[in-house]
Amino acid sequence: MNLRSKFIGIILAGILSISMTFTGCSSNTTDENSSNNSSTSTSISSSDSDASNSASDTTEDQSDKSRSNNDTLSDGDVQIHFIDTGNSDAILIDDGGVAMLIDAGDNDDERAVVNYLNGRGVKDIKYLVSTHAHADHAGGLDEVVKKCKVENAFVSNGDADTRTYRDFIMALSDKGLNPTVPLEGKKFKLKNSYFEVFNTNGGSTTNNESLVVLLTHGKDKMLFMGDAEEEVEYEILNKMPDVDLLKVGHHGSHSSTTDAFLDKTKPEYAVILCGRNNKYGHPHRETMRKLKDRGIDVYRTDESGDLLFTSSGNGIKTNSKKGDYNSGSNSTDEYSSDPSYESGYSESNSSDGSDNLKTVYWTKNGKVYHKYRDCSGLRKSKSVLSGTISDSGKPRLCKICEGR
Ligand SMILES: [Zn+2]
Ligand SMILES: [Zn+2]
């Protein structure tokens, strides 16, 4: 499609990933004098590590004690842990002692993530996936690499020259690990489950470089979107099956989770990783409305903390507390026009209060409120009222304003 795809195609041709093992997870604190060298250029090769050879891998020393807090776990179950790190992603998949970690929270979450892994007896991470380079996903990865035994490190296709990402790449390099872009659609085996990765050719923004991971365990399918947005959803739409669980893209932002994507994937559970009162207003009300309209059960870390799902291969269960359909308390529609919000992590102008302080417009008999006084839906009305959203008493924003 473009130069980049060609480039990827060429490297896909033959490079094997390097898989190495190191000392196990330790919670010891070490000096973090990470070398702050000149810019690190990440050379990324593509992985063809065929995990099917490892089908018989078992982690012998995985003690049952480490999972004693889950009495209902039976042989062959796969656990999916959404670690509450605030408005950031950290997801542990434990398939009978074979572990995979998708992202590791922000820089200040790294101890929490390593402690969580230790608490679960996870010493060895067979697959470490960095969905994309943003700090709220890659921030804790360097510490995980330093403290755990990592076998394979998968990264997205793109450039990132941030301190956070350099720290991660340097940590890998210090352990002799070579990050690779996984092959699109290839099956990587855990123990009883396997995963495939989509969107490996990158995208137009860092969020849209997100690797999308589809985990299959028997009949159960779980889809992890990273921060992939609309652009990616349309690109991979035709490859998507019905899924049981969707880790909603980009913390529930309206930039992700299109109607078309939900209608194709038909999740039973939607998981949103977001922080209480985060400045982005995640999850956004458009997303919550789409989930509510379809009756999809929502689980969110801002309301319920750590979330744990168990897949038997014939259905997914959770004892975690179900969430509601409320949007984030700072949720406004202003973000869509804020270019700095695109990346999400530059200092964007956070909303200084609830969106109920903003002026909206409506008519007495209208069913919706309007954000714009000159909305075409209002133009013909003679008496336009104004005030806050709650003054309006209308349940939702006009579709025309929303699309503007
Ligand atoms: Zn991001
Ligand atoms: Zn993010």
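Just so we're clear, the structure is a prediction, and the values are computed from it rather than from any experiment. (Residues numbered from 1 in each chain as written. Chains lettered and ligands numbered in written order. Predicted model: local features only at pLDDT ≥ 70, side-chain atom pairs only at ≥ 80, totals over all residues.)

A. A look at the overall build of the chain. Helix and strand counts for the chain come out as twelve helices and 20 strands. Counting all 404 residues of the chain, 48% fall into the buried class. For the chain, long-range pairs separated by at least 24 residues make up 69% of all intrachain contacts whose partners lie at least 6 apart in sequence. (Helix = DSSP H or I, 4+ residues; strand = E, 2+ residues; numbered from the N terminus. Buried ≥ 20, exposed ≤ 12 C-beta atoms within 10 Å, placed from the backbone. Contact = placed C-beta atoms within 7 Å.)

B. Just the nonpolar core, in detail. Core analysis: the biggest nonpolar cluster contains 76 residues, and Leu 101, Val 212, Val 213 and Val 271 have the highest contact counts within it. Here this core gets six residues from one element, more than from any other, and that element is strand β4 (residues 98-104). Apart from the residues within four sequence positions on either side, Val 271 is in contact with Phe 82, Leu 245, Lys 247, Val 248, Tyr 299 and Leu 307. (Core = buried A, V, L, I, M, F, W, Y, C linked by C-beta atoms within 7 Å.)

C. Quick peek at helix α2 (residues 110-119). Of the positions making up α2, those classed as buried are Glu 110, Val 113, Val 114, Tyr 116 and Leu 117. Burial along α2 is one-sided: seen end-on, the buried residues are contained in an arc of 155°. Along its buried surface, α2 packs onto β3 (90-95), β4 and α4 (141-147). Gly 121 sits one or two residues past α2 and shows a positive phi near 70°. (Arc of directions from axis to C-beta.)

D. Looking closely at the sheet that holds strand β14 (residues 297-300). Strand order in this open sheet of seven strands is β8-β9-β10-β11-β12-β13-β14, and the pairing throughout is mixed. Across the chains shown, the open sheet's two edge strands, defined by having one partner strand only, are β8 (188-189) and β14. One ladder, built from three bridges, connects strand β11 (residues 220-224) with strand β12 (residues 245-247); its direction is parallel. Along β12, the bridge assignment pairs Phe 224 with Lys 247. (Pairing = 2+ DSSP bridges.)

E. Focus on the confidence of the model for the chain. When pLDDT is averaged across the chain, the result is 80; 75% of the residues are at 70 or more. For residues 28-71, every residue scores under 50 in pLDDT, and the model assigns this stretch 58 contacts once sequence neighbours within four places are set aside. Contacts from residues 333-354, a stretch scored under 50 in pLDDT, to residues over four places away or in other chains number 27 contacts. (pLDDT = per-residue confidence, 0-100.)

F. Seen up close, the environment of Ala 133. For Ala 133, the position within the fold is in the loop between β5 (124-130) and α3 (135-138). Note on Ala 133: 25 C-beta atoms within 10 Å, which makes it buried. In the structure, Ala 133 is positioned 32 residues away from Tyr 165 in sequence and 6.1 Å away in space, judged by C-alpha atoms. The residues contacting Ala 133, other than those within four sequence positions of it, are Ala 138, Gly 158, Ala 160, Thr 162, Tyr 165 and Thr 206.

G. Quick peek at the environment of Val 243. In this fold, Val 243 is placed in the loop between α6 (230-236) and β12. Taking the number of C-beta atoms within 10 Å as the measure of exposure, Val 243 has 21 and is therefore buried. In sequence terms Val 243 and Lys 221 are 22 residues apart; their C-alpha atoms lie 4.8 Å from each other. Apart from residues lying up to four places away in sequence, Val 243 is in contact with Lys 221, Met 222, Leu 223, Thr 265 and Pro 267.

H. Representation of the environment of Val 98 within the structure. Mapping Val 98 onto the fold places it in strand β4. As a C-alpha pair, Val 98 and Val 78 span 20 residues in sequence and 9.5 Å in three-dimensional space.

I. Helix α8 (residues 285-293), seen in detail. Of all the positions in α8, only Arg 285, Glu 286, Thr 287, Met 288, Lys 290 and Leu 291 are classed as buried. Contacts made by the buried residues of α8 are with α7 (259-265), β13 (269-272), β14 and α12 (399-402).

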